[in-house]
There are 2 protein chains.
Amino acid sequence: MIRIGIYGYGNLGRGVERAIEKNSDTELVGVFTRRDPASVKTVSGANVYSASQAKEFTDKIDVMILCGGSATDLDTQTPEVASLFHVVDSYDTHAKIPQHFAEVDKAAKESGHIAVISCGWDPGMFSLARVYSQAILPDGSDYTFWGKGVSQGHSDAIRRIEGVLDARQYTIPVEEALEAVRNGKNPTLSTREKHTRECFVVAKEGADKARIEKEIKEMPNYFSDYDTTVHFISMEELRRDHATLPHGGFVFRTGTTSENNHHVIEYALKLDSNPEFTGSVLVAVARAAYRQQAKGQSGARTILDLAPSELSPLSPEELRAHML
Amino acid sequence: MIRIGIYGYGNLGRGVERAIEKNSDTELVGVFTRRDPASVKTVSGANVYSASQAKEFTDKIDVMILCGGSATDLDTQTPEVASLFHVVDSYDTHAKIPQHFAEVDKAAKESGHIAVISCGWDPGMFSLARVYSQAILPDGSDYTFWGKGVSQGHSDAIRRIEGVLDARQYTIPVEEALEAVRNGKNPTLSTREKHTRECFVVAKEGADKARIEKEIKEMPNYFSDYDTTVHFISMEELRRDHATLPHGGFVFRTGTTSENNHHVIEYALKLDSNPEFTGSVLVAVARAAYRQQAKGQSGARTILDLAPSELSPLSPEELRAHML
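Throughout what follows, the structure given in this document is the object of discussion. (Residues numbered from 1 in each chain as written. Chains lettered and ligands numbered in written order. Predicted model: local features only at pLDDT ≥ 70, side-chain atom pairs only at ≥ 80, totals over all residues. Heavy atoms only, no water.)

## Some remarks on the state of the cysteines
When the sulfur atoms of two cysteines share a covalent bond, that bond is a disulfide. What the rule picks out here adds up to zero disulfides over all chains. There is no disulfide at C119(A), and the cysteine sulfur nearest it, in C67(A), is 12 Å away. (Disulfide = S-S within 2.5 Å.)

## Details of the relation of the copies chain A and chain B
At an RMSD of 0.0 Å, chain A and chain B line up after a rotation of 180° and a shift of 0.0 Å along the axis. On the angle and the small slide along the axis, the relation comes out as a two-fold axis. A shared interface surface links the copies, since 100% of the contact residues of chain A are contact residues in chain B too. (Least-squares fit on C-alpha atoms with pLDDT ≥ 70 in both. Contact = heavy atoms within 4.5 Å.)

## Details of the side chain of S118(A)
Mapping S118(A) onto the fold places it in the loop between β6 (114-116) and α4 (125-136). Separated by 2.8 Å, the side chain of S118(A) and the backbone oxygen of Y91(A) make a polar contact. Not counting the four nearest positions on each side in its chain, S118(A) is found in contact with D89(A), S90(A), Y91(A), I97(A), P123(A), G124(A) and L324(B). (Helix = DSSP H or I, 4+ residues; strand = E, 2+ residues; numbered from the N terminus. Polar contact = N/O pair within 3.5 Å; in protein donor to acceptor, adjacent residues only side chain to side chain.)

## As for the pairing of strand β9 (residues 164-173) of chain A
Residue and element names in this part refer to chain A. Judged by how many residues are buried, β9 sits mostly within the fold: nine of 10 residues are covered. Pairing of strand β8 (residues 149-150) with β9, which is carried by two bridges, proceeds in the antiparallel orientation. What sits directly across from V150, in β9, is Y170. Note that β9 and strand β10 (residues 195-203) share nine bridges and pair antiparallel. Bridging across to β10, V164 finds its partner in A203. (Buried < 20%, exposed > 50% of the residue type's maximum accessible area, 1.4 Å probe, protein only. Pairing = 2+ DSSP bridges.)

## Notes on helix α4 (residues 125-136) of chain B
All names here are of chain B. With 12 residues, α4 ought to run about 16 Å at 1.5 Å a step, and its terminal C-alpha atoms sit 17 Å apart, in line with that. Judged by how many residues are buried, α4 sits mostly within the fold: 11 of 12 residues are covered. Within α4 the residues assigned to the buried category are M125, F126, S127, L128, A129, R130, V131, Y132, S133, A135 and I136. (Expected span 1.5 Å × (residues − 1).)

This is how it looks when you write it as structure tokens:
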């Protein structure tokens, strides 16, 4: 059994907890939180400890899965915790990954641990799709589409507008663009041609809805480059119809191997729950981290550095007999 | 530069030759054939040698890519050539892969070479899709569909019928079955419900077409479990409309992470040329073999044992900065 700890217990932490239940070679030792442990109730009934107690568990936990947020937590948490445990995180601030890798690598090497960073679906499974397909079709083009799914960052941006009580934003790929890529037409697509944005907003009573809609649609970086639709709904409707966190997307590589021969590689995800799927990736990667440490390795890794067989519960013999 | 040799020069050998042209870190040293080298003209103008001369090239070639057929050649060729070179093959007799692996492993370990077997798209990229998605969604179902594409085995089976001059068989996935899986309906599908078979047949003059059609449709293993359509066409039409070797397919994993949350992972290939795409996979894998031997490793591998980063021409730093 691979003994796992969860460090940080929000949506992602609960996703990891669910995934551990689905993997018969993993067990959850405990959840570590910066909140008062008595105030946290886990889905599975697992024990909850204060984050400061984690250091007492170094011989009881094989891999600690970090479930904090990239924006606020993981920059400092992953190097800290990697000095105590083998760790896996889902760090997703793409631009800062090289710096995060360097800091985690230093902490992990100094303490003799394995640390796998930036695992999830993007970065993660989508990164794998991009690397494999570029290696196979070097003469070609990449396309990534996200959605249909909830963007937390865009939902938060709407919530910061005066007069907004709550909001949910869906990123939606444009069907015609998807079809053009899928059919090998190799289109050049603007930001606006790739995705639309649909917003469900709960406004305060008496708020100026026209102003809110205008502020959303004109918000630079987040909305101004997109065709955006805004719907005002009640808090009851938001809770009833928009409580879940679906997501997904598409990674394409289209390429040429000779004058007349074109190829399309498509990797697509349709996810009812972004945090539960991400948690499932983290647990599979924790298995790989466990296997790498068993070989005496240390330092930072990404999912690109792990052999696929290391993520699987099956033995190399079983994989060759049944999965090739 | 990774110096590559091609051992066997049919459709797949030409596919590898095209792929080497597309990869700036690879070069083709020569083609090795069991035919009279003077009778073989390469697409790129590469030198052609007798297979028996290969042993003179052990210090001129880094990786030999075996391009013979699984049915007749690779069982014996891969272990033989692995005793002289680092090798990559596309062995695709699924049931005999464990035995092939063991024989190649022995030869490769004794001579200190790396040998990567069974690389292409199935086995190969489809195997990767299956292993990753099963590791992430352990509670779920797998579906593989092939086509639309030419099945060489089924085309050959038709050619063996009396009165048939030539034939081309297309395997076609049933659109309704694909859609049901894609929409997470988790259907139970019979062989007949997953694929149809379409045959284009050139009959000898005066041959009994009704008998040929009946023999095709009732052929056990190959056609009797499928809805099969037979078209009789002229040799000119066959050459004009069915000269290429397209293929592709779909690997799905549908799975559950908690009571209400279902997920669909889809990996799809649409290939104008089966041999050119397979050749492109083999060249990317040759890069990984080259890197593994540079670390002093030896023995047999499959694509499941190679880290994705090893297949990419980019450095680990470049991958982290641009591909995650």
